[in-house]
Amino acid sequence: MAKDTRTIEELSPWEDARRMLVKAKDEGIATVWDRLAEQTPHCSFCDQGLTCNKCVMGPCRVNPKGPKRQLGVCGADGDLTVARNFGRFVAAGAASHSDHGRDLLEALEAVSHGTAPGYAVRDTDKLARLCAEVGIATLGLDAASQAKALAEHFFEDFGTRRHALSLLSRAPKKRRDIWDATRSTPRGIDRECVEMLHRTHMGVDCDPVSICLHAARTALADGWGGSMIGTELSDVLFGTPRPATVEANLGVLRADSVNILVHGHSPVVSEMILAAARDPEMLAKAKAAGAAGVNVAGLCCTGNEVLMRQGVPLAGNHLMTELALVTGAVEMVVADYQCVMPSLVQIASCYHTRFVSTSEKARFPGGTHLEFTLENARDKAREAVELAIEAFTRRDAGRVDIPTTPVSLRTGYSNEAVIEALGGSAEPLLAAIKIGLVRGVVGIVGCNNPKLPHDGVLTGLAKELIRQDILVVVTGCATVAMGKAGLMTTEGLEQAGVGLAEFCSRFDLPPVLHVGSCVDNSRILALCGMLADALGVDIADLPVAASAPEWYSEKAAAIGLYAVASGIMTHLGLPPNILGSELVTGLALEGLEGVFGASFVVEPDPVKAAEAISRRITAKRLALGLND
Ligand code: XCC
Ligand code: SF4
C-alpha cells in the first residue's frame, strides 16, 4: 500500500486522532489517509475538470493547450467541459441538502396527519411564525392544521410552478433585484437541479458562463430553499436550539456504557435513537447486559443536529469518523445519509461494532439495514438500541482505548437564541459593528479534507479572525475543530481581540458561535438578510464573509456558491476541479464580483486567508462610512 509521507503529527494536531492513527496502524486498519496516498497523484485531467463522461461517444479528456484533443468528440472545449462538470457538481450538492429538507417536510406532513408516531411539533410558536411569514392565516387553525398548510406551501417550493421561492423574501430587496436582473432567482428547488442536468446534457447549454450562472441559481435554491426549509422545519419538529454547554471529542465515549454513534445529516432518525436510548426499559436491558447505560454521541452533521437541540456530545467530525471506531468502544454506528464513508462498514467489521443503515436511499452492503420510516421509526429505534446492547456483550475490552478527556463547548445559537442573548433584538450587535467593537462577522463552515492538515486551516483561520475582532459563526464539521481548540467557551475570549472580547463578555457569548449543521448555514443567510435590512443595505454591503477552509463535498460547493451569489465573499482552502478553464476560474475568482458583488478566494494558508478576509471587511466598513 502506498504510504502517506506525512507524519502522524502532521496529519492531525489532536491527541485523540493521533492515538487512534497509531492504533489503526498497529491493528493493520487502513484509513482515509492511507487511501488518499494510494490515489495520489490524482489524474491531472480530472483534477482540472477536463474529463467528460456525459455520453458514450466519449469518455473524453480535453486538453485545451495540447497539440491534440483540444475538443471532446462532440466538440466541447475545455471551458465548456469544466463548466458542465462544475454545474453538475453544484447541482448534486444542492440536491442533497434539498432532498434532506424534503424529508423534514414529509415528516411535518405526516405529523399533521397523525401518521408519524413519536414525532410531534415541539415548537408551536415557530410553526405559527412561519405560517404567518408565508401568508397562511393561522387564526382558528390548530397546530396540526397549521402544519398541514405549511407543508403544502413548502412542497410547492420544490416544484416548478412558482416564479420565486417563498423564503427569498428574507433577502433584501436590492439582492432580489440583482437575482432578477441576472436571471438567477430560483424558481423551484427541484426545478433548478433538474434544469442543471438538462442544460449539461450533450448539446444543450454550450455557454460556460450561462451554465455557471445557472449553477448560482441552483445553489440559491439550496440556501434560501431546500436548506432553509430543512432548518426551519427541524426546529418546528424537534425544537429551536437554545444555548447549552456540551462535550466533544473521542473522550465522550464511555468505557462502561453501550456507545451508539449517530452519523449523517438528518435529525429524523437520530432523534428517535436518542429517545429510545433514554427509555428506562432500554436502560434496564443495558444494565442486565453489564453496561452502566446507553451513551449516544454524534458524528458530523447529524451530530450537530442533536448537539444543538438535545445536548448530545459530539464524538468527532468527518476525519474522526473512522478513528472513532478504532477506539474499539463503539457498539453501533447508526447512519442516515451523506458523508458516511463506505469504509466504515469494513472498519466496523474489524471490531464488534455494528454498522446500521436506516434510509431507503442510503444502503451500505455488509452493514445491517434497518429501514426507518415515519410510521415505524419509534419501533426501529428500539430495535437498533437492543442490537447495540447485544453488541456490547461481544466487546473485546483488551482492544478498547478511549483517548483523552472531553472538551466543553457552547452550542445552541439559533438566530432566535442569539437575539434573545442580545436582549431581544440584533441592535446591540449592529451597534458594536458600527463602532468597530466587532469589526465583522465570518461564517466558517464545512468539512475536513485529508489533503489538508486535519482541522488546521479551520482553527488557524478562526484564531486569526477573532484576534482581529471578527465574530465567527460556525457549522458542521468545523464545529468540532473550534470546540477542540477551546474557542467555543467564554475562556476562548482570551484569544480574542479586545473589542470582540468586550462585546462577547457583555452578553456572555463565546467568540465562536455554534449555529448548527450544514443545512443550518441557512441561518447565517437569514441573519445576514436581517442585518442588511436593519441597515437598509444589501448583503454585499455588510462587513461579512464566509469560509469553507477544509471542504471536500459537493454540498460545500453549493454552500460556497450560494454565499457568493448572496453577496458574501467566500474563502476556500482548496479549489474545486475547475482550474482547467481560465474562463471558469476567472469567473469564480473575479467575474462573479461584477455579477453578485462577491467572489471566491482560494488560499490554503490560514493566516493569509485571514488577511484577505480582514481586508474585505475593512473595505466594506469604510464603504459604509465606518472606521476600519
Ligand atoms: Fe459532511 Fe455535513 Fe462536510 Fe461534515 S461539514 S463533511 S458536508 S458532515 Ni457539512
Ligand atoms: Fe465527450 Fe462530448 Fe460526450 Fe462529453 S459529451 S463524453 S465531451 S463527446
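Every value quoted in this text rests on a predicted model; they were computed, and no experiment measured them.

Analysis parameters
- Residues numbered from 1 in each chain as written.
- Chains lettered and ligands numbered in written order.
- Predicted model: local features only at pLDDT ≥ 70, side-chain atom pairs only at ≥ 80, totals over all residues.
- Heavy atoms only, no water.
- Domains from an automatic or database assignment.
- Contact = heavy atoms within 4.5 Å.
- Buried area = accessible area lost by both parts, 1.4 Å probe.
- Helix = DSSP H or I, 4+ residues; strand = E, 2+ residues; numbered from the N terminus.
- Polar contact = N/O pair within 3.5 Å; in protein donor to acceptor, adjacent residues only side chain to side chain.
- Near = heavy atom within 4 Å.
- Nonpolar A, V, L, I, M, F, W, Y, C, P; charged D, E, K, R; others polar.
- Salt bridge = Lys/Arg side-chain N within 4 Å of Asp/Glu carboxyl O.
- Buried < 20%, exposed > 50% of the residue type's maximum accessible area, 1.4 Å probe, protein only.

**Section: the domain arrangement of the chain**
- Here the domain parsing of the chain yields domain 1 (8-61), domain 2 (78-238), domain 3 (250-399) and domain 4 (411-623).
- When each unit is reduced to the centre of its C-alpha atoms, the spacing between domain 1 and domain 2 is 33 Å.
- Listed by partner, the interface residues are 7 residues for domain 1 and 8 residues for domain 2.
- A combined buried area of about 610 Å² lies between domain 1 and domain 2, and 64% of that area is made up of carbon and sulfur atoms.
- The largest contributions to the domain 1 side of the interface with domain 2 come from Gly49, Leu50 and Lys54, which together make up 67% of the buried area.

**Topic: the side chain of Arg175**
- Here Arg175 lies in helix 8 (residues 173-181).
- From its side chain, Arg175 meets the backbone oxygen of Ser566 in a polar contact 3.4 Å long.
- Discounting chain neighbours no more than four positions away, the residues touching Arg175 are Asp538, Ala540, Val564, Ala565, Ser566, Gly567 and Phe596.

**Things to note about the site of ligand 1**
- For ligand 1, the full set of nearby residues is His265, Cys300, Cys301, His318, Cys339, Gly446, Cys447, Cys477, Cys518, Tyr552, Ser553 and Lys555.
- A class-by-class count of the residues in the shell around ligand 1 yields 7 nonpolar, 4 polar and 1 charged.
- For the shell around ligand 1, the domains that each give at least three residues are domain 3 (250-399) and domain 4 (411-623).

**Overview of the site of ligand 2**
- Taken together, Cys52, Lys54, Cys55, Met57, Gly58, Cys60, Gly72, Val73, Cys74, Arg84 and Met202 make up all the residues around ligand 2.
- Considering only residue class, the shell around ligand 2 consists of 7 nonpolar, 2 polar and 2 charged.

**Looking at the pattern of salt bridges**
- Throughout the structure, instances matching the rule amount to 44 salt bridges.
- Notably, a salt bridge pairs Arg129 with Glu416, separated by 3.3 Å at the nearest N-O pair. Residue Arg129 is found in helix 6 (residues 124-133), and its partner Glu416 is found in helix 17 (residues 415-421); the two are separated by 287 residues along the sequence.
- Overall, Glu416 belongs to the partly exposed group, its relative accessible area being 28%.
- One salt bridge connects Arg354 with Glu390, and the closest N-O pair in it is separated by 3.9 Å. Placement of the pair is Arg354 in strand 8 (residues 354-357) and Glu390 in helix 16 (residues 377-392), with a sequence separation of 36 residues.
- Residue Glu390 is classed as partly exposed on the basis of its relative accessible area, which comes to 33%.
- Through salt bridges that share partners, Lys126, Arg129, Glu133, Arg170, Glu232, Asp235, Glu305, Arg309, Glu416, Asp520 and Arg523 make up one connected network.

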